[in-house]
Amino acid sequence: MRRVLFLVISFHLFSLGTIYAQKQLLDVMPVPKHVELGEGWFEINSNLKVGIQGNPHHRIYAQTNRFLNRLGNKTGTFLKQGYADISSSPENPGLLIKVNRPAQVKFGEDESYQLSITDQGIQLDAETDIGAIYGLETLLQIIKSDSNGYYFPSLKIEDSPRFPWRGLMIDVARHFQPVAVIKRNIDGMAAVKMNVLHLHLSDDQGFRVESKLYPKLTSMGSDGFYYTQEQIKDIVRYADERGIRVYPEFDVPGHATAILTAYPEFASKEMVYQIERNAGVFDPTLDPTNPKTYEFLNNLFAEMASLFPDNYFHIGGDENEGKHWNENKDIQRFMRKKKIKDNHALQAYFNKNLLKNFETIGKKMVGWDEIIHEDLPNTAVIQSWRGLDNMEKAAKSGYKTMLSNGFYIDLMHAAEKHYLVEPLPDTLDLTEEERSNIIGGEATMWSELVTPYTIDSRIWPRTAAIAERLWSPKEVRDVDEMYRRMDIISLHLEQLGLQHLSSRDLILRNIANQTNIKPLQVLTGVCQPLQGYTRNPGGTMYQSYSPFLLFADACIADPPDAYNFNKLVEQYLAGEDENLKAIINYLSLWEANNDLFVEIAENTPILNEIAELSVNLSDIAGIGREALKYILEEEKPGEEWIERSRKISAKARKQGGRTELKIVGSIEQLIINCQ
């Protein structure tokens, strides 16, 4: 037969693990809500025509044109129809898109779609054009091929998101990210059905948007790296075409060094302010007792609000330790007079004053969970970064709230850790009405350690796992299946122009000063950057101008060879002997790699920081190979070997170049099993 016919299977995709085991029928991420697979397929050829019917927004035509371009590039098909015609729809189109009404790019908009594929054609139905856009993204992910060509499998999909707020926060304050970086990440977001871009635009290290009312914010507070107002409008337009909301964050009253560098008259402490070059939590804070502070912020926020049509506006409000408030006698006197009992209550006073202006500018306030206070109206939205307890408290108090705790992708945790975070666990003590206050979540890309060269590899592909958690049914939790699909989606994202794969080799060529980077690629396959904030303890090892094209910057949170090897060892020790050859191949590769590393490291001082790491990989791999030999020959090693293996293992656990080997634990299991 030309192709194996698909079985007719109807299922909710929380049972996808079983169906995917049968020839990997779908490689979709995020997993749709409901899929029914059928027999047959629809051929992709040059005669494919796309028709659009109904009452859509014009954005569907632009998205359809992008779809046709991407389809042609993905399959090498010279399509006769290169563009969707806004004035007429072709007769008998192979792909018919039906949209009931124009979408508004706003919170709570209908994003559902239905997709039907038979050998006769494809029909995509959606209430809004945003739903249709998501359907087109699904189509691009399910393309299959065999020796005869490319095709879409026969199926029916009914899909809609679990949560309405599925966001990515990008910190452009600590390291500025040019417009091109933002746009390509918007494309990545659209591909995995994320719908909110949160731009963190001010912090101690910089203020990043042109203000015509307060020009010193960028002339003195940005080092010359900022978005013009036209560039912001361009980003918003670009996102809008893809159904993505963009909303700003200007962090106050803390994290305000850049603001106060430009306008120190609004500070809580009289001193000379300079842009901060390190990471961390700093003391400069706006003065909440000065009426001119509110005049300044009200004018600034009104100006910024005009650039962002979204209904939401983030004020930050996090990590204000109030040191300068405590040191200011006038502020302390004000607190006693107003019977404000502590700094938390003073910040609530500050936020309430800001809220008055939010009604004028037509925005809803968003803040980190520190802003919760009994005096804060529940019109505010709470972003929980400190944990489920704070999110539960916010929901119970009547606030709309979203989760970021567990989705901090800058911490370089493996995708599995983010994937298994549940924004709405059964353990929360909430009524059904209170549970409805939990509206989703945001992945957070803080940029202390990322630049435009590396940011893509810190966001992708792990954020696709978070996108799935926020879109797909709660029961979709198979980690191995997630990793299988994430590898495929990673290539899909690269086709959009993201540089999460290519930038890593660029870094390796830079530090090796040559094109032979194979030994370094072997190392990056098993090394993970130090997690959490241990790579930059105290925020002082790196400054904002430090080099960020080092070995650690080429390593990722999920080193692929380490993941594969660890799974192979786990399965082997569980009795699956067919994995033995692959394990030996890995160990032999790693044991021999140091000799190759030494050849390229000679006269390359920048590689000195990972020289010992390379030796440690070779040594621990050699011990692992010897341990396997003992297991296979059913012999017990002597005490001298056991002691040597312990020393090598302990040495291999030491960091090198701010990274660590992620295969040591599995080799230690081999050592234990041979004794």
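The rules behind each value
- Residues numbered from 1 in each chain as written.
- Predicted model: local features only at pLDDT ≥ 70, side-chain atom pairs only at ≥ 80, totals over all residues.
- Heavy atoms only, no water.
- Helix = DSSP H or I, 4+ residues; strand = E, 2+ residues; numbered from the N terminus.
- Rg over C-alpha atoms; globule rule 2.2 N^0.38 Å.
- Buried < 20%, exposed > 50% of the residue type's maximum accessible area, 1.4 Å probe, protein only.
- Arc of directions from axis to C-beta.
- Contact = heavy atoms within 4.5 Å.
- Phe/Tyr/Trp six-rings, centres within 6.5 Å; stacked < 30°, edge-to-face > 60°.
- Lys NZ or Arg CZ within 6 Å of the ring centre and 35° of its normal.
- pLDDT = per-residue confidence, 0-100.
- Axes fitted to C-alpha atoms, helices over the stretch in contact; angles between N-to-C directions.
- Left-handed = near helix turned anticlockwise from the far one by under 90°.
- Pairing = 2+ DSSP bridges.
- Right-handed = clockwise from strand over helix to strand, strands pointing away.
- Core = buried A, V, L, I, M, F, W, Y, C linked by side-chain atoms within 4.5 Å.
- Nonpolar A, V, L, I, M, F, W, Y, C, P; charged D, E, K, R; others polar.
- Polar contact = N/O pair within 3.5 Å; in protein donor to acceptor, adjacent residues only side chain to side chain.

(A) Highlighting the overall build of the protein chain. In terms of helices and strands, the protein chain carries 25 helices and 19 strands. Computed over the C-alpha atoms, the radius of gyration of the protein chain is 27 Å, within 12% of the 26 Å expected from 2.2 N^0.38 for a compact globule of 675 residues. Seen through its C-alpha atoms, the protein chain measures out along the principal axes to roughly 80 × 75 × 50 Å. The buried share of the protein chain, taken over its 675 residues, is 59%.

(B) Quick peek at helix 25 (residues 664-673). When helix 25 is considered as a whole, its buried residues turn out to be Val664, Ser666, Ile667, Leu670 and Ile671. The arc enclosing the buried residues of helix 25, seen along the axis, measures out at 165 degrees, which places them on a common side. Residues of helix 25 that are buried sit in contact with helix 21 (560-573), helix 22 (580-601), helix 23 (611-633), helix 24 (639-652) and strand 19 (659-661).

(C) Quick peek at the packing of aromatic side chains. Taken as a whole and assessed by the stated rule, the structure comprises 29 aromatic pairs. Centre to centre, the rings of Tyr408 and Trp446 are 6.3 Å apart; their planes meet at 45 degrees, and the pair counts as tilted. One end of the pair, Tyr408, is in the loop between strand 16 (400-403) and helix 13 (415-419); the other, Trp446, is in the loop between strand 17 (438-445) and helix 15 (455-459), with 38 residues separating them in the sequence. Positioned above the aromatic ring of Trp471, the side-chain terminus of Lys193 is 5.9 Å from the ring centre.

(D) Structural context of the confidence of the model for the protein chain. Residues at a pLDDT of 70 or more form 96% of the protein chain, whose mean pLDDT is 94. In the predicted structure, residues 1-24 sits below a pLDDT of 50 and forms 60 contacts with residues beyond four places in sequence or in another chain.

(E) Local environment of the packing of helix 23 against helix 24. Where helix 23 meets helix 24, the axes come as close as 9 Å, and the angle between the chain directions of the two elements is 145 degrees. At the point where helix 23 passes helix 24, the crossing takes the left-handed sense. Of the residues in helix 24, those touching helix 23 at Glu612, Val615, Asn616, Asp619, Ile620, Ile623, Glu626, Ala627 and Tyr630 are Trp641, Arg644, Ser645, Ile648, Ser649, Lys651 and Ala652.

(F) Spatial organisation of the pairing of strand 16. As paired elements, strand 15 (residues 381-384) and strand 16 share four bridges and run parallel to each other. Bridge pairing in strand 16 links Ser384 to Leu403. In this fold, the crossover linking strand 15 to strand 16 by way of helix 12 (residues 388-396) has right-handed handedness.

(G) Unusual backbone geometry, seen in detail. At the junction of Met29 and Pro30, the peptide bond is cis and its omega measures out at 10 degrees in the coordinates. Mapped onto the secondary structure, Pro30 falls in the loop between helix 1 (16-20) and strand 2 (34-43). Pro461 follows Trp460 through a cis peptide bond whose omega is 0 degrees. Looking at the secondary structure, you find Pro461 in the loop between helix 15 and helix 16 (462-471). With a phi close to 50 degrees, Asn92 is a non-glycine residue in the positive phi region. Topologically, Asn92 is positioned in the loop between helix 2 (59-75) and strand 4 (95-101). One non-glycine residue, Lys193, lies in the positive phi region at around 65 degrees. The exposure class of Lys193 is buried, given its relative accessible area of 1%.

(H) Just the nonpolar core, in detail. Ranked by size, the top nonpolar core spans 99 residues in total, and within it Phe301 and Leu354 carry the most contacts. Beyond its immediate chain neighbours, meaning those up to four positions away, Leu354 contacts Val252, Tyr294, Leu297, Asn298, Phe301, Ile315 and Met365.

(I) Representation of the side chain of Asn390 within the structure. Mapped onto the elements of the fold, Asn390 is located in helix 12. Assessed through its relative accessible area of 18%, Asn390 is described here as buried. Among residues more than four places away in sequence, those in contact with Asn390 are Asp369, Ile372 and Ser384.

(J) Structural detail: the packing of helix 22 against helix 23. Running from amino to carboxyl end, helix 22 crosses helix 23 at an angle of 145 degrees, the nearest separation of the two axes being 8 Å. When the axes of helix 22 and helix 23 are compared, the crossing they make is left-handed. Together, Leu580, Ile583, Ile584, Leu587, Ser588, Trp590, Glu591, Asn594 and Phe597 of helix 22 and Ala611, Ser614, Val615, Leu617, Ser618, Ala621, Gly622, Gly624, Arg625, Leu628 and Leu632 of helix 23 make up the contact between the two elements. Here the contact of helix 22 with helix 23 is built from residues that sort into 12 nonpolar, six polar and two charged.

(K) Seen up close, the pairing of strand 6 (residues 121-128). When strand 4 meets strand 6, the two strands line up parallel, connected through six bridges. By the bridge assignment, Leu95 is partnered in strand 6 with Ile122. As paired strands, strand 5 (residues 113-118) and strand 6 are joined by five bridges and run antiparallel to one another. Counted as the bridge partner of Gln114 is Asp125 from strand 6.

(L) Layout of the side chain of Ser490. Looking at where Ser490 falls in the secondary structure, it is placed in helix 17 (residues 479-495). Taking relative accessible area as the criterion, Ser490 reaches 7% and is therefore assigned buried. In terms of polar contacts, Ser490 uses its side chain to reach the side chain of His500, at 2.9 Å. Once residues within four sequence positions are removed from consideration, Ser490 is found in contact with Pro461, His500 and Leu501.

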